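Below are the chains, spelled out letter by letter.
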Amino acid sequence: MDLSAINPVLLIASLMVAATPLLLAAIGELVVEKAGVLNLGVEGMMIIGAICGFAIAVESSSPLLGLIAAMIGGAVLSLLFAFLTQVALANQVASGLALTLFGLGLSALMGQSYVGVKPPAMAKLDLPILSDLPIIGPILFSHDPVLYFGIGLTAAIWALLKFSRIGLILRAVGENAEAAHALGYHVVRVRIMAILFGGACAGLGGAYISLIRVPQWTEGMTAGIGWIALALVVFASWKPWRVLLGAYLFGGINVLQLNLQAAGIAIPVEYLAMSPYLITILVLVIMSADKSRAPASLGKIFHASQ
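Described in the following lines is the structure provided in the data block. None of the values given here were measured: they were computed from a predicted structure.

We now examine the overall build of the chain. Broken down by element type, the chain carries 12 helices and zero strands. When its helices and strands are written in sequence order, the chain yields α-α-α-α-α-α-α-α-α-α-α-α. Looking at the 306 residues of the chain, the share that counts as buried comes to 50%. A sequence separation of at least 24 residues applies to 78% of the contacts in the chain between residues at least 6 apart. Taken as a whole, the chain presents about 13800 Å² of accessible surface, with 72% of it coming from carbon and sulfur.

Next up, the structure:
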């Protein structure tokens, strides 16, 4: 065992990369749940985003077009969920699970010809002077644009929910859909827009995995990140900054266990592989001990005639 082989600067920089797909998916799901909708299809939307982004990036030689295609792919799949739950009034839990199964199967079919193909590289956003600073430079100022977008999106969602009229309407719909409808707000429209936003974020998170974090296509490569995102939203008490902290916690433990494996630590690899999930859930349970309440209408079917 050689722990000196672990570079702490690279470790911290890597954890930010590992946390980004989880952060994007969880922030999107947070908005969906704030509107009173429970979408268990995050994993399916992520994997569809991963293959759509990968395929378009390879065919166009443009990672940017790939990321845009991933957002569209995730949003289109979420539109199916929106139709089932907001128009057909189907059960949200069953529809979300079906969406995940459908996404996993469809992505496997779409990705058959892309196994072993290398996508175009996404350029890092190196900032003059700042990127060259010792320690701080590699950690904070030498990443891809999507990583910074994820942090900025978290801040934007926090501000939107806390200070804007749109955030007030979204929270009103999530807390009491009938009262919001009585006040003249279009509950179904608000929920559909939230679902589309969540799908786009999940798709972008999936593409981040296939184009940036692990630049290749492998069937099922999201590996449960969508389910962790769902748990993260709940345990973070539907608060954007707690989602950010939880995502970075997961990313840090995930990267650390990989480094410990490389250092030859005498712990069975299976225990190390499961540790990010177990420790993240444990810590987030402790973080959620303030008993913050879920949106009152979460998971409940709404019909304007009620």
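After presenting the structure, the write-up continues.
Looking now at the packing of aromatic side chains. The full count for this structure, using the stated rule, is three aromatic pairs. Geometrically, the ring pair formed by Phe 54 and Tyr 114 is edge-to-face, given 6.1 Å between the ring centres and 85° between the ring planes. Taken together, the positions of Phe 54 in helix 2 (residues 42-60) and Tyr 114 in the loop between helix 4 (92-110) and helix 5 (136-140) put the pair 60 residues apart, joining distant regions of the chain. Among the residues examined, Phe 54 registers a relative accessible area of 0% and is labelled buried. Seen in terms of ring centroids, Trp 158 and Trp 241 are 6.3 Å apart; in terms of plane orientation they differ by 55°. Their pairing is tilted. Placement of Trp 158 in helix 6 (residues 145-163) and of Trp 241 in helix 11 (residues 240-262) is noted, with a sequence separation of 83 residues between them.

Residue placement: Ile 68 occurs in helix 3 (residues 63-87). Overall, the relative accessible area of 41% leaves Ile 68 in the partly exposed class. On a C-alpha basis, the gap between Ile 68 and Gly 49 in space is 9.4 Å, while along the polypeptide they are 19 residues apart.

Bringing the packing of helix 2 against helix 10 (residues 225-235) into the picture now. Packing of helix 2 against helix 10 leaves a shortest axis separation of 7 Å and a crossing angle of 135°. Taken together, helix 2 and helix 10 sit at an angle that is classed as oblique. Like other packed secondary-structure pairs, helix 2 and helix 10 cross with a definite hand, here right-handed. Of the residues in helix 10, those in contact with Val 42, Glu 43 and Met 46 of helix 2 are Ile 225, Gly 226, Trp 227, Ala 229 and Leu 230. For the contact of helix 2 with helix 10, the per-class residue count stands at six nonpolar, one polar and one charged.

This part covers the nonpolar core. Among the nonpolar cores identified, the biggest contains 79 residues, and Leu 22, Val 42, Trp 217, Val 243 and Tyr 248 are the most heavily contacted of them. Discounting residues that sit within four places of it in the chain, Tyr 248 has contacts with Leu 15, Met 16, Ala 19, Leu 23, Leu 147 and Ile 151.

Rules of the game
- Residues numbered from 1 in each chain as written.
- Predicted model: local features only at pLDDT ≥ 70, side-chain atom pairs only at ≥ 80, totals over all residues.
- Heavy atoms only, no water.
- Helix = DSSP H or I, 4+ residues; strand = E, 2+ residues; numbered from the N terminus.
- Buried < 20%, exposed > 50% of the residue type's maximum accessible area, 1.4 Å probe, protein only.
- Contact = heavy atoms within 4.5 Å.
- Areas by Shrake-Rupley, 256 points an atom, 1.4 Å probe, with all protein chains shown as cover.
- Phe/Tyr/Trp six-rings, centres within 6.5 Å; stacked < 30°, edge-to-face > 60°.
- Axes fitted to C-alpha atoms, helices over the stretch in contact; angles between N-to-C directions.
- Parallel < 35°, antiparallel > 145°, perpendicular 65-115°, else oblique.
- Left-handed = near helix turned anticlockwise from the far one by under 90°.
- Nonpolar A, V, L, I, M, F, W, Y, C, P; charged D, E, K, R; others polar.
- Core = buried A, V, L, I, M, F, W, Y, C linked by side-chain atoms within 4.5 Å.

Spatial relationships are all this shows, so hold off on functional conclusions.
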